Every structure is written in structure tokens, then in C-alpha cells.
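# Report on the structure
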2 protein chains.
Amino acid sequence: MTNQASPELLHHLHAALGPSADAHTKLLESVIPGLIDSIGAIATALRKAHHVSRAGGANAFGDDQLNVDVLAEQAVRDAVSSCPAIVAASSEEDPVERSANPSVQEEIRTRGEDGEHYTVAFDPLDGSSIIAPNWTVGTILGVWQGRTALRQDPATRQVAAVLGVYGPRTTAIVALRVPGSEPACLELGLNEHGARDCAVVRSQVRLLDPESSSARYFAPANLRAASENPRYMDLVSRFIRERYTLRYSGGLVPDVVHALVKGHGVYVSPVTAGSKAKLRRLYELYPIALVMECAGGKAVSPADGSRILDRALEDLNETAGLICGTAEDVEIAKAALVG
Amino acid sequence: MTNQASPELLHHLHAALGPSADAHTKLLESVIPGLIDSIGAIATALRKAHHVSRAGGANAFGDDQLNVDVLAEQAVRDAVSSCPAIVAASSEEDPVERSANPSVQEEIRTRGEDGEHYTVAFDPLDGSSIIAPNWTVGTILGVWQGRTALRQDPATRQVAAVLGVYGPRTTAIVALRVPGSEPACLELGLNEHGARDCAVVRSQVRLLDPESSSARYFAPANLRAASENPRYMDLVSRFIRERYTLRYSGGLVPDVVHALVKGHGVYVSPVTAGSKAKLRRLYELYPIALVMECAGGKAVSPADGSRILDRALEDLNETAGLICGTAEDVEIAKAALVG
């Protein structure tokens, strides 16, 4: 079954991959459109979920909070199960790689690995702490070539990432990087019917040179860690002194998308003795890193400065810190934190 | 003409004012419902405005940016003109108090000031810098008893404030304070038809005692000013050291609503020699201050620590800084900045 996608969207996805598009028709015509449909479905569910806002502390959400988490998970699972090219999936809510379409898995076993097969890893609803106050939240989706994300080279096997952004509008960032074509990053605007009537708002999302940006932005995650980490405190003081503009929602998707849309930004989530790494490598870091690299930016570890996409996954639950955004500012943050 | 409002909404608005409701039936049954309808209309307009996101710098928005500003202004003007109890209105986009319903003004002239007459002051779309990245933005509406907001006592003459919040959902905060009744603050969840089918999500929005809050939040606006103002830098360092959680979207409405929904928060927008006051007293500060006070919080000036609502307006374009939120933390910030 092929998902219906607007001619405009298909045109831009094919154009993004150029000569490599032919080897990825299922990715472009079924997997990506199906995931965009799930983003549309999640947006619709969120819009009605008014009782998530019965909250005092982080864990005091009402029943609707559970409902939207479950609905978001189910929306992506529906997209996965209706797309035969997706053979396995796992999520931050259910971190086990499960066979998505058993008949296709069986076919692969008998007829070999020919053809297009993908594994999807996703965080259905990122930013739960800011759902109650009605701030923008997101969905993070990573698409891997083959039957698993485990022990694969993230830099070459994760071929696509999609971020769903639920704010006043519903938007999506789509990053693509397959062998033989240039990396691509697009911004879509969703309307009522997912991939069928979404608009391509920008066919090229790019971080700009800091010199050509009219403003510079920073998003210091886990800022409390600065109280015990003088390096982080110094870095934050430097950004303030150099008159960077603060924008920090506490949602990874909106914070990253802010940088992409503005053309500048650096997001820093350090790991210190007192505050452990909270970001999931598979469900958050890899897709965000692919998006950043496809937009001309960088994503590195604050622990050792290594590229996020250089380290393969040994366990679905691995966590780490993150520095990402405009390349030059990632280097500044890395030098400050790693030394 | 009376706007249609859901029985649930009318019930809660009447209950909020208690015995004072009878003297304010137009406020409760026409003015507030009309303004909620305008919030619903703005939400619908924003949802389709995908091309606002063609942005590099702050002034590089596409045509849709202008469109949503114009649409938001027009939505509130429509509500104003369809509500005879509103006799004057001005907005941040058009800061001139204009007669809203000339025939009623005429009636007032001939028959005197008996009856209910209100003036509305509004910022139709606050947070333009974060519209492009699809972050939550808002509308700010203040309702004044009588025919003008100029040279009135804000603490007693501004009787209602409504904040529209455009995020994954559309929500609204309604604050009411009329002589003879306790201040009230409600949170509404909007659906497709404005006041007609909105839900009362919380009938009492209250900031909690810091001791009873599970987390403490701070929103340091205009943080670049800390580079030239050691008092502000010390205050920010203190919040970090005391492990407050940073949440700063850069939109006044979402930043304030975050505190209201979480039950804790302090928002600080200082004024320094190098960075002038940017917040408009009439269109931003007064309504936000009323909301904060009705929720049990405080709103004071960072220049001298005076209560925002203690100073009458001499000019529609006046600007100032702001410290608002949980009373105890407002005092901390005031002591730090004012000395």
C-alpha cells in the first residue's frame, strides 16, 4: 500500500535525492508520507486534549496526558504497519525493536535482503513537561536502512529523519541523506490531510554563516548543571556577554527547529556528575544530529566532542548529552566544555 | 447583540463574580465571549499561515506574517464592533483610542454614563519573533470599565484581562476583578467555535506557595542586558545556583502562562541603560499584571519596584520593564534589581 502524497511533496523529495531517488522510491513515496500522516494525526489528537493542562508538577498530568502519549504512539505504529517497506520499529515508549510487518520479514528470510527495507525509531511525543502550558512540542522519527538500528553505522544507515512540530501551525522538518546524493533538509507545512495536502514551505533548510545572521541564539539545556560545572557557567556567561539571544523552551524539537528556521542557533545539553545524560541516543540524538548535519550544522557529544553519528548503538536505551547547531558555535561550546 | 457562550462558560463566569455578576452581565455575556470568539478566529488564521516561516532575521517574514498580524487585529476589531457594550478600543498595532460603536457613544452622551460601557486595549499577536519557528504565541486583551483607559486607576478600572494562547491547543486565561467580588482567574480550552463550545479547563488558576511547588521556574527576558548590568547577572546566577529550571520562549504570553499552569514561575524583564523598556504598559503590562494578581502573584516595575497597576496611563504608547510571577520570587528579583 502506498500512502498518498501531494505531487508537490513527491516532486521535492525526488528532487532532493536526484539520481539516488530511484533506489529509494519506497522511502520517498511510502515511508516518509506515512510518517507525515502520523504527524497530522498527532496534531489533531493534541488539539482536542485540553485536560492535559490539569497539572501542578511534572507528574501530575490528568488522564488526557496518558491519552495523548498513547495516541501519538499509536499514530506512528499505524503508519508503520500500513507501510510494508518498514520491517521493524521501536519507540522511546516501547524500546524494543519489533517486527513491523511479519509477512515482509518472512519474505526477506526466504528471498534475501534485496529491495528496500527500513527500520523506524521514534519518540512519539517529546517535551511532555511543556504540554500542560500549551507550548510547542514535537515528534522525532529516525529511518534506518535495513532490518535494525542496532550496531549499524548511524552516519550512513540512518537515511532519513522527520521532526513533527506542533505549535500554532503543524510543521515538519524532513532530512534525507542516502549514498550518492547530497544531504537535503526541507520544511513542510501540514494542513488537514497529512502528506496529501501538505505544503513545501522551504525546499532548503540551512543554517547560515554566523557572519550573515542578523541574530545569534543559544539554548542552554539543563542549566542547573552550570551551578556545579564552572565550564558550563563560563560558556553561558560568554554567550550572554557576546549578546546572543536566549531562546530555551525545554522541548528538544522546538529548540532545534528554532535554530533551523532562524538560520542560527546552538543547543547545549551537558552531562555532569550531578546531572546524568537524559537524551536518548536512538530516539532523540541520532535523528536530531542527521537533521542538523543535513542543514549544514554539527552535532557532537559534550563528553568528548565526538560526532554523535560516529558511534553505533549497542543498546536501544543508551543516553548521552548534546551540543548541536551552527558549526562555528558548536566548536565554541565543545572547546569550552571538553577543553 | 449578545454573543453565544456555552452554558458551562457562563456558569463559571457568573460564579466567579458572585453577587457582583448582576452589575456586569454585558461583560460576562457579551464582552468576554466576543473576545474569546476572536481568539478562536485568530487560531484558525494562524493554523493556515505556513508561509510566515520564510524567515532569516526578525524582519524577513513573508507576506503571511503581515497577513496574520492584520487578521488578528481584524478578528478583535470584529468582536469589538459586534459588542455594543464596548465603546472604545485601541491596539498595539493602532495605538489610538477610537470610538467602537458610535451609536452607543451617542447614547451615552444623551442619556449619561448609566449602564455598562467598556474600553478594550489589545495586542493582537504578541511574540512575532517566534511565529516563524512555530513556537506558541499569544493575544493580550485588557478590558476597562468606562470610555477610556487613559488617566484611570488601572487597579480598579481594568476589570478583566484575557490571554489567548496559540500552541498545540488553543487555550485562554480569563482574569476578572470587579468591585465587590474576589479576583478570579480561569483557564479555558477552545474548540472549533470560540465561546460557544469552549471548555473550562480550570476554574481556579493559582500560583502556589514555593514550598508546595515541585519545581521552580525562571524566565529571564532581555538576558543580554545582564552583560552590562551586574545586578541582573547576579540574579540570574542566583536562580541557576538555587536550581531553578529555565523556561524562556521569548513570548510574553507563553512565558507567563507557563508559570500559571505550572503553579510557579518568575519572569524578569529589566530595563538598563543599554536596553530600553520594550513592553507596552497598556497593551502588555496592565493585562498581564491583572492576570498575575488574580492568580495570587505579583507584577512590579524593575525600575523602582512599584506595583504595575498603581500607575495610571498618561500616553497610550508608554513602555516599561516587568517583574512578575510567584510573589516570593518577585520580591527576590525586586530586591536584587532595585536594591
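Cut-offs applied
Residues numbered from 1 in each chain as written. Chains lettered and ligands numbered in written order. Predicted model: local features only at pLDDT ≥ 70, side-chain atom pairs only at ≥ 80, totals over all residues. Heavy atoms only, no water. Helix = DSSP H or I, 4+ residues; strand = E, 2+ residues; numbered from the N terminus. Rg over C-alpha atoms; globule rule 2.2 N^0.38 Å. Buried < 20%, exposed > 50% of the residue type's maximum accessible area, 1.4 Å probe, protein only. Contact = heavy atoms within 4.5 Å. Buried area = accessible area lost by both parts, 1.4 Å probe. Salt bridge = Lys/Arg side-chain N within 4 Å of Asp/Glu carboxyl O. Polar contact = N/O pair within 3.5 Å; in protein donor to acceptor, adjacent residues only side chain to side chain. Nonpolar A, V, L, I, M, F, W, Y, C, P; charged D, E, K, R; others polar. Axes fitted to C-alpha atoms, helices over the stretch in contact; angles between N-to-C directions. Parallel < 35°, antiparallel > 145°, perpendicular 65-115°, else oblique. Left-handed = near helix turned anticlockwise from the far one by under 90°. Pairing = 2+ DSSP bridges. Phe/Tyr/Trp six-rings, centres within 6.5 Å; stacked < 30°, edge-to-face > 60°. 1 Å grid on protein atoms, 1.4 Å probe; cavity = no way out; pocket = protein on both sides within 12 Å on 5 of 7 lines; lining within 4 Å. Points joined across faces, edges and corners; volume = space filled by probe spheres on them. Core = buried A, V, L, I, M, F, W, Y, C linked by side-chain atoms within 4.5 Å. Arc of directions from axis to C-beta. Domains from an automatic or database assignment.

A count of helical and extended segments in chain A gives nine helices and 15 strands. Relative to the compact-globule value of 20 Å for 339 residues, chain A shows a C-alpha radius of gyration of 19 Å, a close match. By its C-alpha atoms, chain A is 60 × 45 × 35 Å across when sized along the principal axes. Out of the 339 residues in chain A, the part that is buried amounts to 64%. Long-range pairs, those at least 24 residues apart, make up 66% of the contacts in chain A between residues at least 6 apart in sequence.

Attention now moves to the interface of chain B and chain A. Tallying the contact residues gives 61 residues for chain B and 61 residues for chain A. For the pair chain B and chain A, the summed buried surface comes to about 5,600 Å²; carbon and sulfur atoms form 55% of the total. The tally of links between chain B and chain A comes to two salt bridges. Here Arg243(B) makes a salt bridge to Glu228(A), at a shortest N to O gap of 3.8 Å. The tally of links between chain B and chain A comes to 28 residue pairs in polar contact (both at pLDDT 80 or more). Ranked by the residues each element gives to the side of chain B that touches chain A, the list is headed by helix H7 (residues 252–262) of chain B, at six residues. For the side of chain B that touches chain A, a count of residues per class yields 29 nonpolar, 20 polar and 12 charged.

Our next topic: the packing of helix H1 (residues 7–17) of chain B against helix H2 (residues 25–47) of chain B. Residues and elements named next belong to chain B. For the pair H1 and H2, interaxial distance at closest approach is 10 Å and the crossing angle is 130°. As judged from the angle between their axes, H1 and H2 are oblique. Handedness of the crossing formed by H1 with H2: right-handed. Across from Leu-9, Leu-10, Leu-13, His-14 and Leu-17 in H1, the residues of H2 making contact are Thr-25, Leu-28, Glu-29, Ile-32 and Ile-36.

What follows deals with the environment of Asp209(B). Residue and element names in this part refer to chain B. Tracing the chain through its elements places Asp-209 in the loop between strand S8 (199–202) and strand S9 (217–220). For Asp-209, a relative accessible area of 52% translates into the label exposed. Separated by 117 residues in sequence, Asp-209 and Glu-92 have C-alpha atoms that sit 34 Å apart.

Another point: the sheet that holds strand S10 (residues 245–246) of chain B. Residue and element names in this part refer to chain B. The strand order S10-S9-S11-S15-S13 describes an open sheet built from five strands, whose pairing is mixed. Edge positions in the sheet fall to S10 and strand S13 (298–300), since each of these pairs with one other strand and no more. In this structure, S9 lies alongside strand S11 (residues 266–269), joined through three bridges in parallel fashion. Opposite Ala-219, over in S11, you have Tyr-267 as the bridge partner.

Further remarks concern the packing of aromatic side chains. On inspection of all chains with the given rule, the structure shows eight aromatic pairs over all chains. Taking 5.5 Å as the distance between ring centres and 70° as the angle between the ring planes, the aromatic pair formed by Trp144(B) and Tyr286(B) counts as edge-to-face. One end of the pair, Trp144(B), is in strand S4 (residues 137–145); the other, Tyr286(B), is in helix H8 (residues 281–294), and 142 residues separate them in sequence. Connected via pairs of aromatic rings, a cluster forms that spans Phe218(A), Phe239(A) and Tyr244(A).

Residue and element names in this part refer to chain B. In total, this model carries nine cavities of 30 Å³ or more according to the counting rule given. Put simply, the largest cavity is a space of about 70 Å³. If you go around the largest cavity, you meet 13 residues; those closest to its centre are Ala-219, Asp-255, Ala-259, Gly-265 and Val-266. If you list the elements that add at least two residues to the lining of the largest cavity, you get S9, H7 and S11. It is H7 that provides the largest number of residues to the lining of the largest cavity, a total of four residues.

Grouped burial of nonpolar side chains is what soluble globular proteins tend to show. Residues Leu322(A) and Leu322(B) are the most contacted members of the largest nonpolar core, which totals 132 residues. For Leu322(B), the contacting residues outside a window of four places in its chain are Leu252(B), Tyr267(B), Val268(B), Ser269(B), Leu279(B), Leu285(B), Ile288(B), Ala299(B), Val300(B), Pro302(B) and Ile308(B). Counting 54 residues, the second-largest nonpolar core is a separate cluster that includes Leu9(A), Leu46(A), Val80(A) and Ile130(A).

Sheet faces and side chains relate simply in a regular strand, where the side chains alternate between the two faces. All names here are of chain A. Buried residues dominate strand S3 (residues 118–126), accounting for nine of its nine residues. The sheet contact formed by S3 and strand S4 (residues 137–145) spans seven bridges and is antiparallel. By the bridge assignment for S4, Thr-119 is matched with Trp-144.

Turning our eyes to something else, we now look at the packing of helix H7 (residues 252–262) of chain A against helix H8 (residues 281–294) of chain A. All names here are of chain A. At their nearest, the axes of H7 and H8 sit 11 Å apart, and the two run at 10° to each other. In terms of axis orientation, H7 runs roughly parallel to H8. Where H7 abuts H8, its residues Leu-252, Val-256, Ala-259 and Leu-260 lie against Glu-284, Ile-288, Val-291 and Met-292. Residues belonging to the contact of H7 with H8 are distributed by class as follows: seven nonpolar, no polar and one charged.

Within a sheet, neighbouring strands are paired by backbone hydrogen bonds and run either parallel or antiparallel to one another. Residue and element names in this part refer to chain B. Here eight strands make up an open sheet; going across it, the order is S2-S1-S3-S4-S5-S6-S7-S8 and the pairing mixed. Of all strands in the sheet, those bounded by a partner on one side alone are strand S2 (94–99) and S8. Here the strands of the sheet are splayed against their neighbours by 20° on average, with no regard to which way each runs. The sheet strands contacting H7 are strand S3 (118–126), S4, strand S5 (158–166), strand S6 (170–176), strand S7 (184–190) and S8, and the helix crosses S5 at an angle near 100°.

All names here are of chain A. Considered for burial, the residues of helix H1 (residues 7–17) that qualify are Leu-9, Leu-13, Ala-16 and Leu-17. Seen from one end, H1 has its buried residues packed into an arc of 90°, which puts them on one side. Facing away from the buried surface of H1 by more than 90 degrees, the exposed residues are Pro-7, His-11 and Ala-15. Buried residues along H1 sit against helix H2 (25–47), strand S6 (170–176), strand S7 (184–190) and strand S8 (199–202). Two residues or fewer after H1 comes Gly-18, characterised by a positive phi angle close to 55°.

What follows is about the domain arrangement of chain A. Residues and elements named next belong to chain A. The domain boundaries assigned to chain A delineate domain 1 (7–202) and domain 2 (210–338). Contact residues are listed per partner, giving 43 residues for domain 1 and 32 residues for domain 2. If you look at where domain 1 meets domain 2, you find three salt bridges. Glu-92 serves as the salt-bridge partner of Arg-280, at 3.4 Å between the closest nitrogen and oxygen. In this structure, the connection of domain 1 to domain 2 is made through seven residue pairs in polar contact (both at pLDDT 80 or more). Counting residues per element, the ones that place at least two in the side of domain 1 that touches domain 2 are strand S1 (86–91), strand S2 (94–99), S3, S4, helix H5 (154–157), strand S5 (158–166), S6 and S7. A per-class count over the side of domain 1 that touches domain 2 returns 25 nonpolar, nine polar and nine charged.

Here we take up the pairing of S7(B). Residue and element names in this part refer to chain B. Counting buried residues in S7 gives seven out of seven residues, a clear majority hidden from the surface. Taking every second residue as pointing to the same face, both faces of S7 are buried, with Ala-184, Leu-186, Leu-188 and Leu-190 on one and Cys-185, Glu-187 and Gly-189 on the other. Both S6 and S7 contribute to a ladder of seven bridges, which runs antiparallel. By the bridge assignment, Val-174 is partnered in S7 with Leu-186. Note: S7 against S8, three bridges, orientation antiparallel. Residue Leu-188 lies in a different strand from S8, and its bridge partner there is Val-200.

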